[in-house]
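# Survey of secondary and tertiary structure
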Amino acid sequence: MVIKKATMMDFEEIHTIFEEVHDLHLQNTNKVFKNTDPLTKEEFKLALENENSFFLVAEEIKIIGFINAFIKIKEGRHTKKKKTMHIEQLGVKKTEQNR
């Protein structure tokens, strides 16, 4: 398995997994999630261009999973400036789970 930064060429495979995850959300928590496209090509492109956001993919010939995260820089009244990473979305292709 190879872990790599996603590129625009990975969009279709990532989008398919995103849809699987979103469908699961709709089936189980439809009071929270809207029935919309979970990731547009434009949103994906903007995320790739943002230096504080990233997509990584797990690949075995084809993409089997992804993680979308972002870096947040924050400073509190009593704390120094620090970077934290927040996982926004994580998905594994249904056929690749539990192996």
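A few points on the structure.

Basis of the calculations
- Residues numbered from 1 in each chain as written.
- Predicted model: local features only at pLDDT ≥ 70, side-chain atom pairs only at ≥ 80, totals over all residues.
- Heavy atoms only, no water.
- Helix = DSSP H or I, 4+ residues; strand = E, 2+ residues; numbered from the N terminus.
- Buried < 20%, exposed > 50% of the residue type's maximum accessible area, 1.4 Å probe, protein only.
- Contact = heavy atoms within 4.5 Å.
- Pairing = 2+ DSSP bridges.
- Axes fitted to C-alpha atoms, helices over the stretch in contact; angles between N-to-C directions.
- Expected span 1.5 Å × (residues − 1).

On to the overall build of the protein chain. For the protein chain, the count of helices and strands is 2 helices and 4 strands. Beginning at the N terminus, the succession of helices and strands in the protein chain can be written as β-α-α-β-β-β. A principal-axis box enclosing the C-alpha atoms of the protein chain has dimensions of 45 × 35 × 30 Å. A buried classification covers 25% of the 99 residues belonging to the protein chain. Expressed as a percentage of contacts within the protein chain between residues at least 6 apart in sequence, the contacts between residues at least 24 apart total 51%.

It is worth spelling out the sheet that holds strand E1 (residues 2–5) at this point. Ordered in space as E1-E2-E3-E4, the 4 strands form an open sheet in which the pairing is antiparallel. Here the strands that pair on one side only, and so sit at the sheet edges, are E1 and strand E4 (82–92). Strand after strand, the sheet turns through a mean of 25 degrees between neighbouring axes, direction not considered. Relative to strand E2 (residues 53–60), E1 runs antiparallel, the two being bridged by 4 bridges. Bridging across to E2, lysine 4 finds its partner in valine 57.

Take helix H1 (residues 11–28) next. Here H1 spans 25 Å end to end across 18 residues, near enough to the 26 Å set by a 1.5 Å rise per residue. Considered for burial, the residues of H1 that qualify are Phe11, Ile14, His15, Ile17, Phe18, Val21, His22 and Leu26. Packed against the buried residues of H1 are helix H2 (41–49), E2, strand E3 (62–74) and E4.

Such coordinate-based values are descriptive only and should not be taken to indicate function.
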